[in-house]
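Here are the chains, one letter per residue:
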Amino acid sequence: MELYSLLREFADSWALLALLLVFLGVVVWAFRPGSRQIHDDAASVPFRNEKRPASGSPRAERAQETLK
């Protein structure tokens, strides 16, 4: 049996099974109980400093300089 055929047979069986198990593990991890708060927090990151820049950030320092 040549190498290509051996690798193809491996990819068609065991590698497919391994990738399926990894995918299912990621899905279960993402939808686990109690993870909603973590995902909601991550989703709101772009909107945290919507009113004004966070203190100590370069944007906040530039904004303070323009006000002076």
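Placed above this text is the structure.
Source: prediction; values computed, not measured. (Residues numbered from 1 in each chain as written. Predicted model: local features only at pLDDT ≥ 70, side-chain atom pairs only at ≥ 80, totals over all residues. Heavy atoms only, no water.)

Engineer: Honestly, the overall build of the protein chain in this entry has me stumped. Any pointers?
Structural biologist: Helices and strands together make up the secondary structure of the protein chain, namely three helices and zero strands. Taking all 68 residues of the protein chain together, the buried fraction comes to 4%. Element-wise, carbon and sulfur atoms account for 65% of the exposed surface of the protein chain, whose accessible area totals about 6,600 Å². (Helix = DSSP H or I, 4+ residues; strand = E, 2+ residues; numbered from the N terminus. Buried < 20%, exposed > 50% of the residue type's maximum accessible area, 1.4 Å probe, protein only. Areas by Shrake-Rupley, 256 points an atom, 1.4 Å probe, with all protein chains shown as cover.)

Engineer: Would you mind going over helix H1 (residues 3-30) with me for this structure?
Structural biologist: The periodicity of an α-helix, 3.6 residues per turn, causes residues three or four places apart in sequence to face the same way. With 28 residues, H1 ought to run about 40 Å at 1.5 Å a step, and its terminal C-alpha atoms sit 38 Å apart, in line with that. Bending of H1 peaks at approximately 40° at the position of Ala 11. (Expected span 1.5 Å × (residues − 1). Bend = angle between axes of the 7 residues up to and from the residue.)

Engineer: Sorry, what's going on with a nonpolar patch on the surface here?
Structural biologist: Together, Phe 10, Trp 14, Leu 17, Leu 20, Leu 21, Phe 23, Leu 24, Val 27 and Phe 31 make up an exposed nonpolar region whose accessible area comes to about 980 Å². Relative to the elements of secondary structure, Phe 23 occurs in helix H1. Take Phe 23: its relative accessible area is 52%, and that puts it in the exposed class. (Patch = residues over 30% accessible without salt bridge, like charges linked within 9 Å, V, L, I, M, F, W, Y side chains within 5 Å. Salt bridge = Lys/Arg side-chain N within 4 Å of Asp/Glu carboxyl O.)

Engineer: When you look at the pattern of salt bridges in this model, what are you seeing that I'm missing?
Structural biologist: Side-chain pairs of opposite charge can arise whenever the charged atoms involved come near each other. Tallying each qualifying case throughout the model produces two salt bridges. For the salt bridge of Asp 12 with Arg 8, the shortest nitrogen-to-oxygen distance reads 3.6 Å. In this pair, Asp 12 and Arg 8 are both assigned in helix H1, four residues apart and thus about one turn of the helix distant. One salt bridge connects Asp 41 with Arg 48, and the closest N-O pair in it is separated by 2.4 Å. Given the relative accessible area of 41%, Asp 41 is considered partly exposed. With relative accessibility at 47%, the residue Arg 48 sits in the partly exposed group.

Engineer: It is not clear to me how the side chain of Ser 35 should be interpreted in this structure. Could you clarify?
Structural biologist: Examined against the element boundaries, Ser 35 turns out to sit in the loop between H1 and helix H2 (36-43). Looking at Ser 35, its side chain comes within polar contact range of the main-chain oxygen of Arg 32, at 2.9 Å. (Polar contact = N/O pair within 3.5 Å; in protein donor to acceptor, adjacent residues only side chain to side chain.)

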